[in-house]
Amino acid sequence: MPTFLHPLLLWGLAIVAAPVLIHLINLLRHRRVDWAAMEFLRVSRKKHRTWVLLKQWLLLLLRMLAIAAIVLIVARPLWKRQWGGLFGERKTHHIVLLDDSYSMSDRWADTSAFARAKRVVERIGAEAARQGQAEFTLLRFSRAAYSPLPLGEGPGVRAEFSEKSPSSSPHPNPLPKGEGVQPDFLREPADNGFREKLDAVLRKIDVSQSGAGPAETLVTLNEVLGQLEDRRRILYLISDFRTRQWNDPAEVKKLLGRWQAAGAEIHLVNCVDRARPNLTLASLAPETGIRAAGVGWFMGVAVTNNGAAPARNVTVFLEEDGRRRPSVQLAEIPSERTARTRFYATFSAPGWHRITARLESDAVEADNQWFFAFRLPSDLPVLLIDGDLRAPDARFLKWLFASEGLARTGLRPEIELPRILDRKPLAEYAAVNLANVDRLDTAAVQALENYVREGGGAAFFLGEPCETGFYNRQLYRNGRGLFPLPLRGPAELIVDRLEVAPDVQTGEHFLFRNFAKSRNNFLQSVNVQRYFASADGWEPPADGSVRVLARLRNGDPLIVEKRFGRGRVVAMLSSLAPTWNDWATNPGGAIVLLDLQGYLSQGRTRDVPRQVGSPLEVVLDPARYRPQVTFVVPRSPRSTKMTTIPVDAVASKGGKLSAVLPDAGRSGYYEAQLKEIGGGEETQLYAYNVDPAEGNLAVVDQPGLAQRLQGLNYRYAPAGLFQTNDRAVQGDRLWELILYLLIALLIGEQLLAWSASYHPRSVGQVGNLSHISPGGAP
């Protein structure tokens, strides 16, 4: 049986009796009058009585049917699908892509973008259930965007130096795209109990902390559904249409175009009316320097103003290991700009620590906090290689770096000979310093290059024993080696009594930050007598891989840096000991040497932020740990208990074990609880944060969207005005068929009325009186 869109209007069917009532009223108005020609008419009436009555009743029936058709058209009847198939209609598959990225938590008044989106899904689900045998698929953006990343790539990577940190290796069994994707509904029959199921799911789900967009969701949808040629597909994309994904939606347009070409009807539903101001914590990270227990360093924090007006007096609240510490404040952040500040952090104990930054509440909460977790070693081991058996330069550095003095440096220096480079694992050192090394064998050069390429830092100090030919042939190798530049040989810095410029001229760099605005710039008093000159005509390459950090007053390079793989190399083209210069006895020189160790160690202690939605991988040494890891994930706002997830580790590359938490779906601190073979336990800490770019609430309006999606056939509606009673949602409609039937009825009624009435053949001619019906046609 058909259902009706406006069932209350069916009371209008009572009007069908109107023609009968009119006919009866006309009969009451007639009076019987005998006259002379009546007998002739009675004879004619008896002869044609049956045919005349048939026409009259047919005409009455047509008029009643016409009135009933008009009422039914207004009430909008809908076929059930089993009846719609008789008219060549296909079953409808309603496919809903629901944006649950954290920008959908945008709040105003007493509602939010995601609350509006759920109400739209309710309307679509209710209409699908009303149709009968429709199918329903609901896929959230956050569930479709899961894409496992191997360790060492993408935003889910952290390579942190520590003597206990697990070594990195690629994920052993990366999952294929779409693996583990779980739509809330997949081809769910919209039967009698469907609305209750949908209501239960919508009550349970909430906006995620993902920054997923429509492109990856459409790709995953194709893989999940495949081709359904026997279905009429209606695709609903319910989103907030932020500029991040929709300002240049070339990929989205291409994917939607494929659905359109396959015959799908496309609906775009916008859940926000305008962009609202929003502040976003863009980063929280340590600045370059030595990070060890008892040594202070600066933490940098950045806040982005996504609003149209400047934000003033923005306070960033801070916590260290769960305890509040003094907040920092930004006086003003211009519109659509990022402002930065920093604060000093010190932790006396080694081990895992946490630093959390928070902003005051605004339109979106997810981007108002940033989590930073790190393991702090007691000190950083640095390797000192001296080409002289007496190791005078290395001993000076050891004295400078040792923490037994008045000031703790956080460094643990170790003096070794050059031959140790290929015999000892260099990965355990934060930095390697080489002074007066005349030559290295091939194995040592290879070991040193591998160390730097994997993120290590090396410093060269060139003195009298160094051989120019070896450095050019083995270390520089026409720019392919780790040494930054070719050498010409030792040279004298000629003293010019008329020249008042300092011997060392520095640029803007971390190593010289303490002297940039200082009135007592000790580096200006450094004297240099001899140095290694660069090859004639050498200039740093244009790609920026090599930089001159300091020059002599004659313009020759003195300190040169090169990026090599993930690490860096710094070459000082003069001696470390006070033989060619007085750098070592200058207070400014000592500060630069200490900062140099922090600068070189960044590749071993750097922290790359992990983003929500990326997997968490823990690599284990099977000789030390059992193959079971228990992950403790952050609590959700609706939960009061911590969630623990046990994971069995599997074999990985390099003989290691790998345990993977596939999807870290919330920001916060994650714990990985490891069990040692000897019976002990160890807990590692990882911080996950949201993608700060999703906090930009700028939107693409309807005209802008139409311009960007030009050529694509779709329907657009704001969530508040979205209606399901249009052609794309209703499925098979009976009212259209009734409309055509009404037209036929009206034409038939006119023809029959003309046939049943009297029409004289010519003026003055009575015609066939047998066609006159007593009382007239009804």
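Up top is the structure these notes are about.
Residues numbered from 1 in each chain as written. Predicted model: local features only at pLDDT ≥ 70, side-chain atom pairs only at ≥ 80, totals over all residues. Heavy atoms only, no water.

Novice: Is there a simple way to explain the sheet that holds strand β12 (residues 311–320) in this structure?
Specialist: Hydrogen bonds between backbone atoms are what pair the strands of a sheet, whose relative direction is either parallel or antiparallel. The strand order across the open sheet formed by 4 strands is β13-β12-β15-β16, and the pairing between neighbours is antiparallel. Edge positions in the open sheet fall to β13 (323–333) and β16 (369–376), since each of these has one partner strand only. The average angle at which neighbouring strand axes cross in this sheet is 20°, direction not considered. Sheet analysis places β12 next to strand β15 (residues 351–358), joined by 4 bridges and oriented antiparallel. Looking at β15, one finds that E320 is bridged to I355. (Pairing = 2+ DSSP bridges. Helix = DSSP H or I, 4+ residues; strand = E, 2+ residues; numbered from the N terminus. Axes fitted to C-alpha atoms, helices over the stretch in contact; angles between N-to-C directions.)

Novice: For this particular structure, what's the right way to read the environment of G479?
Specialist: Note that G479 resides in the loop between α12 (468–476) and β21 (487–492). For G479 and P541, which are 62 residues apart along the polypeptide, the C-alpha to C-alpha distance reads 9.4 Å.

Novice: Just to check I follow, could you spell out the nonpolar core for this structure?
Specialist: In a soluble, globular protein the nonpolar side chains are often hidden away together inside. Ranked by internal contacts, the top residues of the largest apolar core, which has 44 residues, are L397, F461, L511, F512, I559, W583 and L593. Considering every element that reaches this core, the biggest residue donor is helix α13 (residues 587–600), with 6 residues. Those residues in contact with I559 that sit more than four places away from it in its chain are F512, R547, V548, L549, A550, V570, A571, M572 and W583. (Core = buried A, V, L, I, M, F, W, Y, C linked by side-chain atoms within 4.5 Å. Buried < 20%, exposed > 50% of the residue type's maximum accessible area, 1.4 Å probe, protein only. Contact = heavy atoms within 4.5 Å.)

Novice: Sorry if this is basic, but what is going on with the sheet that holds strand β7 (residues 185–189) here?
Specialist: The strand order across the open sheet formed by 6 strands is β7-β6-β3-β8-β9-β35, and the pairing between neighbours is mixed. The open sheet has two free edges, formed respectively by β7 and β35 (715–718), since each of these has just one partner strand. Strand after strand, the sheet turns through a mean of 20° between neighbouring axes, direction not considered. Two elements, strand β8 (residues 231–239) and strand β9 (residues 265–270), share 6 bridges in a ladder whose sense is parallel. If you follow S239 over to β9, its bridge partner there is N270. In the packing of helix α6 (residues 194–204) onto the sheet, contacts are made with β6 (135–140) and β7, and the angle to β7 comes to roughly 155°. Across the sheet, helix α7 (residues 214–225) is in contact with β3 (91–98), β6, β7 and β8; its angle to β3 comes to roughly 145°.

Novice: Please clarify how the packing of helix α10 (residues 392–401) against α13 should be interpreted in this entry.
Specialist: For any two helices packed against each other, one specifies the inter-axial angle together with the distance between the axes. Interaxial distance between α10 and α13 falls to 11 Å at its minimum, and their mutual angle equals 85°. Looking at the two axes, α10 sits roughly perpendicular to α13. On α13, the residues that touch F396, L397, L400 and F401 of α10 are A590, L593, L594 and Q597. Here the residues of the contact of α10 with α13 sort into 7 nonpolar, 1 polar and no charged. (Parallel < 35°, antiparallel > 145°, perpendicular 65-115°, else oblique. Nonpolar A, V, L, I, M, F, W, Y, C, P; charged D, E, K, R; others polar.)

Novice: Looking at this structure, how should I read the side chain of Q245?
Specialist: On the secondary structure map, Q245 appears in helix α8 (residues 243–246). Residue classification places Q245 among the buried positions, given a relative accessible area of 15%. Within the structure, Q245 has its side chain in polar contact with the side chain of E694 (distance 3.2 Å). Setting aside residues up to four positions removed in sequence, Q245 forms contacts with G211, A212, G213, P214 and E694. (Polar contact = N/O pair within 3.5 Å; in protein donor to acceptor, adjacent residues only side chain to side chain.)

Novice: How should I be thinking about the pairing of strand β34 (residues 681–689) in this particular structure?
Specialist: When you tally the buried positions in β34, you get 7 out of 9 residues, the bulk of the element. With antiparallel pairing between neighbouring strands as the criterion, strand β33 (residues 668–676) and β34 make up a hairpin whose turn holds 4 residues, including G679 at a positive phi of roughly 110°.

Novice: Would you explain the packing of aromatic side chains in this entry?
Specialist: One pair of aromatic rings is described through two measures. These are the centre distance and the angle between the planes. A complete count under the given rule lists 21 aromatic pairs for this structure. Consider the rings of F185 and F194, whose centres lie 5.6 Å apart with planes at 65°: the pair is edge-to-face. Look at F185 and you get buried, because its relative accessible area is 6%. On the basis of relative accessibility, which here comes to 0%, the residue F194 falls in the buried class. On the numbers, 5.2 Å between centres and 70° between planes, the contact of F298 with Y344 is edge-to-face. With F298 in strand β11 (residues 297–305) and Y344 in strand β14 (residues 337–345), this residue pair connects regions lying 46 residues apart in the sequence. Note on Y344: relative accessible area 44%, which makes it partly exposed. Taken together, the aromatic side chains of W297, F347, F372 and F374 make up a single cluster linked through ring pairs. Across from the ring centre of F298, 3.7 Å away, lies the NZ or CZ of R342, which sits over that ring. We note R354 situated over the ring of Y669; from NZ or CZ to the ring centre the distance is 4.8 Å. (Phe/Tyr/Trp six-rings, centres within 6.5 Å; stacked < 30°, edge-to-face > 60°. Lys NZ or Arg CZ within 6 Å of the ring centre and 35° of its normal.)

It is worth stressing that arrangement in space is one thing and function is another; only the former is reported here.
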